[in-house]
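# Residue-level structure breakdown
For reference, the chains in residue letters:
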Amino acid sequence: MYKILCRVFQVFMKVAMYMLPWYTPEIIEGSVSGSELISDMKKRDINRVLVVMGPHMLKRGLPLSMLENMAHMGIMYQVFDRITPDPTDAQVEDGVKLYNQIDGQGIVLFGGGSPMDCGKAIAARIARPSKSVKKLQGILRVHSRKRVPIMWAVPTTAGTGSETTMAAVITDRKTNRKKSINDVSIIPHICVFDASLTIGLPPDITAYTGMDALCHAVEAYTNSSYNTDLEDHMAQRSVKLIHDNILGAYSDGTNLFYRKNMQTAAFYAGRAFTRGCVGYVHAIGHAIGGLYKIPHGKTMAILLPHVMRAYGKNAEKKLADLSDICGLSTDCEIPVSEKSQLFINWIESVNRKMSIPSGFDCIKEKDIQIIVRWALEEANPLYPVPKVFGKNQIIAVIRKVMLDNSIHADFI
Ligand SMILES: [Fe+2]
């Protein structure tokens, strides 16, 4: 009965999805230190901006030329970089105060998923000053895009897709629980792509962020019921780009061709999952990652093959499509179940080649119930997953990743 109710809810959601004002950010390609970003601000008569970024960005020097050019062109900016890898509600409030102090007109989201999510949450709070972060977390609680400050997203990683999604994941500083603000109003207005910003990413971060993007595309595609053909096509294109480029970006990080393709893949994956939703990989992964402070992309990479196997026949056809698209199963005589298996095997082989373990050695028995509860609360009934899991199925996945925790050293 519970599973039927989830599916009924999803039918209503599917109809609601058609009524939402979906938005794909305008793309500006080129160098962020060049004139495109600043010209865009001037064109919109924006003269005071909050620049949200991670704490090490200034030390790495990535935004320096952008900031110098802003000052040169008379754009006043305030940098807000007191952000942890999992931004908290307290950090969002600090950002809101700074924005109000400068009487801001817009926000630049510079960095990976954390500063982007924090900046989007700041924008949500500016639009809805009377609502706390806690009250904004959930679905469609911001409402008015007109009241949301204009946002320029400048990704320096290729993974979260936050530059094109309606989600901002914020951690409650008291409970360590991650929850998302989900509203089309907080999709950034403009995306500035500069692949050279991702050149300095170390191999482990390249691996984690790339596998996060893969997870977005695969979960969105295997869910599919909220998506239109446009999002399905974006998910397919993203998986193919990741298949062709992730190991190159990992082993040859200075190669702009691989980096640019991974940035494009992350964007498409983000756009696909922001409508199509993610699934139990993210739901279980958010709980495990929040409790044990594991990088998001790493939890995604570990859980992805296990959850796809747990979906069984319900995801086989979609995974077989992806296997074909990646050229893993060119022989059309191969049964769908085998093609699906080939695709899951490919995910595991990529993990091994990038030294990502196949399980977690940190999950404590006493935490299993809370992981299950958080995962079910996040996923059900919202995510249109191929197979609705109950408590026992979530526990089975957790036990699988607890038991299976060997690290393979099969380097490229
Ligand atoms: Fe993710």
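Identification of the chain as Iron-containing alcohol dehydrogenase from Lentihominibacter hominis is taken from an unreviewed UniProt entry. Recorded in UniProt under Sequence similarities (unreviewed entry), the annotation for the chain is "Belongs to the iron-containing alcohol dehydrogenase family."

## Things to note about the overall build of the chain
When its secondary structure is counted, the chain shows 16 helices and nine strands. If one aligns the C-alpha atoms of the chain with their principal axes, the spans along those axes are about 60 × 45 × 40 Å. Per-residue burial for the chain yields a buried fraction of 59% across its 412 residues. Partitioning the contacts of the chain with sequence separation of at least 6, the portion at a separation of at least 24 is 79%. A total accessible area of about 16600 Å² is found for the chain, and carbon and sulfur atoms account for 56% of it.

## Let's talk about the domain arrangement of the chain
Taken domain by domain, the chain comprises domain 1 (21-198) and domain 2 (203-403). Put simply, the middle of domain 1 and the middle of domain 2, counted by C-alpha atoms, are 26 Å apart. Every contact between the two is made by 28 residues of domain 1 and, on the other side, 23 residues of domain 2. Taking both sides of the interface into account, the surface hidden between domain 1 and domain 2 amounts to around 2400 Å²; carbon and sulfur atoms contribute 59%. The interface formed by domain 1 and domain 2 includes two salt bridges. Between the two partners, domain 1 and domain 2, sit 10 residue pairs in polar contact (both at pLDDT 80 or more). Contributions of two or more residues to the side of domain 1 that touches domain 2 are made by β1 (26-29) and β9 (190-193).

## Brief notes about the packing of helix α5 (residues 89-101) against helix α6 (residues 113-127)
The geometry of α5 relative to α6 is characterised by a closest axis approach of 9 Å and an angle of 60° between their N-to-C directions. Relative to α6, α5 is oriented oblique. The two elements α5 and α6 meet at a crossing, and its hand is right-handed. Of the residues in α6, those in contact with Gln91, Val92, Glu93, Gly95, Val96, Tyr99 and Asn100 of α5 are Cys118, Ala121, Ile122, Arg125 and Ile126.

## Considerations on the coordination of the iron ion
Coordination angles at a metal have ideal targets, namely 109.5 degrees for four tetrahedral donors and 90 or 180 degrees for six octahedral donors. Those donors, Asp212 (OD), His216 (NE2), His282 (NE2) and His296 (NE2), are the protein atoms that reach the iron ion, and they lie 2.2 Å from it. Its four donor atoms give the iron ion angles of 84 to 166° at the centre, a pattern that matches the irregular case. Every donor residue of the iron ion comes from the same chain, spaced as D-x3-H-x65-H-x13-H. With a gap of 66 residues between them, His216 in helix α8 (residues 203-223) and His282 in helix α11 (residues 280-292) connect regions that are remote in the sequence. For the pair shown, His216 and His282 are each scored as buried.

## Details of the nonpolar core
Ile122, Tyr280, Ile284 and Ile363 are the most contacted members of the largest nonpolar core, which totals 115 residues. Counting only domains with at least three residues in this core, you end up with domain 1 (21-198) and domain 2 (203-403). Ignoring any residue separated from it by four or fewer positions in sequence, one finds Tyr280 in contact with Glu219, Gly285, Val307, Tyr311, Ala379, Asn380, Val385, Lys387, Val388, Phe389 and Ile394. One finds Ile38, Ile46, Val108 and Trp152 within the second-largest nonpolar core, a separate group that totals 24 residues.

## Examining the pattern of salt bridges
For the coordinates displayed, the defined rule picks out 17 salt bridges. For the salt bridge of Lys43 with Asp40, the shortest nitrogen-to-oxygen distance reads 3.3 Å. Placement of the pair is Lys43 and Asp40 together in helix α2 (residues 36-43), with a separation of three residues, close to one helical turn. For Lys43, a relative accessible area of 62% gives the class exposed. Given a relative accessible area of 4%, Asp40 falls into the buried group. Measuring nitrogen to oxygen at the nearest pair gives 2.5 Å for the salt bridge that ties Glu377 to Arg177.

## Brief notes about empty space enclosed by the protein
Taken as a whole and assessed by the stated rule, the structure comprises one cavity of 30 Å³ or more. The calculated volume of the largest cavity comes to roughly 60 Å³. As for the largest cavity, its lining consists of Ala158, Thr198, Leu201, Thr206, Thr209, Gly210, Ala249, Arg259 and Met262. For the lining of the largest cavity, the secondary structure elements donating two or more residues are α8 and α10 (256-276). Per element, the largest residue contribution to the lining of the largest cavity is three residues, and it comes from α8. Tallied by class, residues from the lining of the largest cavity come to four nonpolar, four polar and one charged.

## Focus: the UniProt feature "domain: Fe-containing alcohol dehydrogenase-like C-terminal" (unreviewed entry) in the chain
In the UniProt entry, the feature "domain: Fe-containing alcohol dehydrogenase-like C-terminal" (unreviewed entry) is given for residues 206-401. Within the segment residues 206-401, helix and strand shares are 74% and 0% respectively, and the terminal C-alpha atoms sit 22 Å apart.

## Some details on a positive patch on the surface
Together, Lys134, Arg141, Lys174 and Lys179 make up a positively charged patch on the protein surface. Residue position: Arg141 is located in the loop between β5 (138-139) and β6 (150-155). Overall, Arg141 belongs to the partly exposed group, its relative accessible area being 35%.

Here is what the cut-offs are and how they apply
- Residues numbered from 1 in each chain as written.
- Predicted model: local features only at pLDDT ≥ 70, side-chain atom pairs only at ≥ 80, totals over all residues.
- Heavy atoms only, no water.
- UniProt positions renumbered as here; feature names shortened; annotations may be inferred.
- Helix = DSSP H or I, 4+ residues; strand = E, 2+ residues; numbered from the N terminus.
- Buried < 20%, exposed > 50% of the residue type's maximum accessible area, 1.4 Å probe, protein only.
- Contact = heavy atoms within 4.5 Å.
- Areas by Shrake-Rupley, 256 points an atom, 1.4 Å probe, with all protein chains shown as cover.
- Domains from an automatic or database assignment.
- Buried area = accessible area lost by both parts, 1.4 Å probe.
- Salt bridge = Lys/Arg side-chain N within 4 Å of Asp/Glu carboxyl O.
- Polar contact = N/O pair within 3.5 Å; in protein donor to acceptor, adjacent residues only side chain to side chain.
- Axes fitted to C-alpha atoms, helices over the stretch in contact; angles between N-to-C directions.
- Parallel < 35°, antiparallel > 145°, perpendicular 65-115°, else oblique.
- Left-handed = near helix turned anticlockwise from the far one by under 90°.
- Donors = N, O, S within 2.8 Å, 3.2 Å for Na, K, Ca; no water.
- Tetrahedral: all angles 85-135°; square planar, octahedral: opposite > 155°, others 65-115°.
- Core = buried A, V, L, I, M, F, W, Y, C linked by side-chain atoms within 4.5 Å.
- 1 Å grid on protein atoms, 1.4 Å probe; cavity = no way out; pocket = protein on both sides within 12 Å on 5 of 7 lines; lining within 4 Å.
- Points joined across faces, edges and corners; volume = space filled by probe spheres on them.
- Nonpolar A, V, L, I, M, F, W, Y, C, P; charged D, E, K, R; others polar.
- Patch = residues over 30% accessible without salt bridge, like charges linked within 9 Å, V, L, I, M, F, W, Y side chains within 5 Å.
- Lys, Arg positive; Asp, Glu negative; His and termini not counted.
- Charge placed at Lys NZ, Arg CZ, Asp CG, Glu CD.

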